[in-house]
Structure formats: C-alpha cells, structure tokens
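Coordinate inspection notes
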Amino acid sequence: QVKLVESGGGLVQAGGSLRLSCVASGRTSSIPNMGWFRQAPGKEREFVATISASGRDSHYADSVKARFTISRATTEKTYLQMNNLKPEDTGVYFCSGGPILTSEKRWYDFWGQGTQVTVSS
C-alpha cells in the first residue's frame, strides 16, 4: 500500500507563486512515476504535470507550461512549483503515483487527499 500526502496549498493573488509538496510512504517502488492533477468545482479532474522515476523526463499540460515546474528530491518527495498563478488555476490539487509516465489519470493507482489552491484576481 502507498500513502500520499500533499501540502503547500493556500490563497494567493494572481501573479503570485506557491510550491506544493507530496510525500509518499509505503511501497513507493510500485509508483515510480508521479503526477499532479487538479479539479475545479464542477469540473473533471485534469492533468497538470508528471515526472519519471529518475526525474529526467517530465510532461506538462499546455495550460501550465512555462509557469509550473514538477521536480522530485527523492523517490518519496515530489514538488510542484507554480509561478504566475492565474484565477483559472484555482482548484484542489492531487498528487498521484503510478507505473506509467502518462497524462491519463486512469493509469495512476494511488492518490492523495488533495490540497486547495485559490487564486484571487
């Protein structure tokens, strides 16, 4: 079993920055690839970014490219640096882990509880 815990969310003005953290525990070897997804009220959960086990490969949603950066310090710790935040970035951000480096949420086996990000205009 794997447990994922996110932190770092909050309220920020448009143009500001936040850094989200995700700490994994348990059988982390079963989730070599990590991802971040977000869900706005009334909308489906959508892909934000993903990173490989080595940290050398990463992919981003077009809406966050050049503003967000995913990284990982260790197998257990993954981060999402969010710069130049916009009101449309508001939502609950979820950390996830799975065996495949992909933007498709169906391939992610484990999920955290989420952390709220609110961007005011």
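Refer to the structure presented above.
Residues numbered from 1 in each chain as written. Predicted model: local features only at pLDDT ≥ 70, side-chain atom pairs only at ≥ 80, totals over all residues. Heavy atoms only, no water.

Moving on, we come to the pattern of salt bridges. Inspection of the entire model under this criterion finds five salt bridges. The salt bridge partner of R106 is E104, with a shortest N-O separation of 2.7 Å. Looking at R106, the relative accessible area reads 61%, which means it is exposed. Judged by its relative accessible area of 36%, E104 is partly exposed. Salt bridges here are not isolated pairs; linked through shared partners, they connect R38, E46, R67 and D89. (Salt bridge = Lys/Arg side-chain N within 4 Å of Asp/Glu carboxyl O. Buried < 20%, exposed > 50% of the residue type's maximum accessible area, 1.4 Å probe, protein only.)

In this section: the state of the cysteines. Structurally, a disulfide amounts to a covalent bond that connects the sulfur atoms of two cysteines. The full count for this structure, using the stated rule, is one disulfide. There is a disulfide in this structure between C22 and C95, and the S-S distance comes to 1.9 Å. Its torsion about the S-S bond being -75 degrees, the disulfide of C22 and C95 is classed as left-handed. In this pair, C22 is assigned in strand β3 (residues 18-26) and C95 in strand β9 (residues 91-98), connecting sequence segments 73 residues apart. Of the residues examined, C22 reaches a relative accessible area of 1% and is grouped as buried. Overall, the relative accessible area of 1% leaves C95 in the buried class. (Disulfide = S-S within 2.5 Å. Helix = DSSP H or I, 4+ residues; strand = E, 2+ residues; numbered from the N terminus.)

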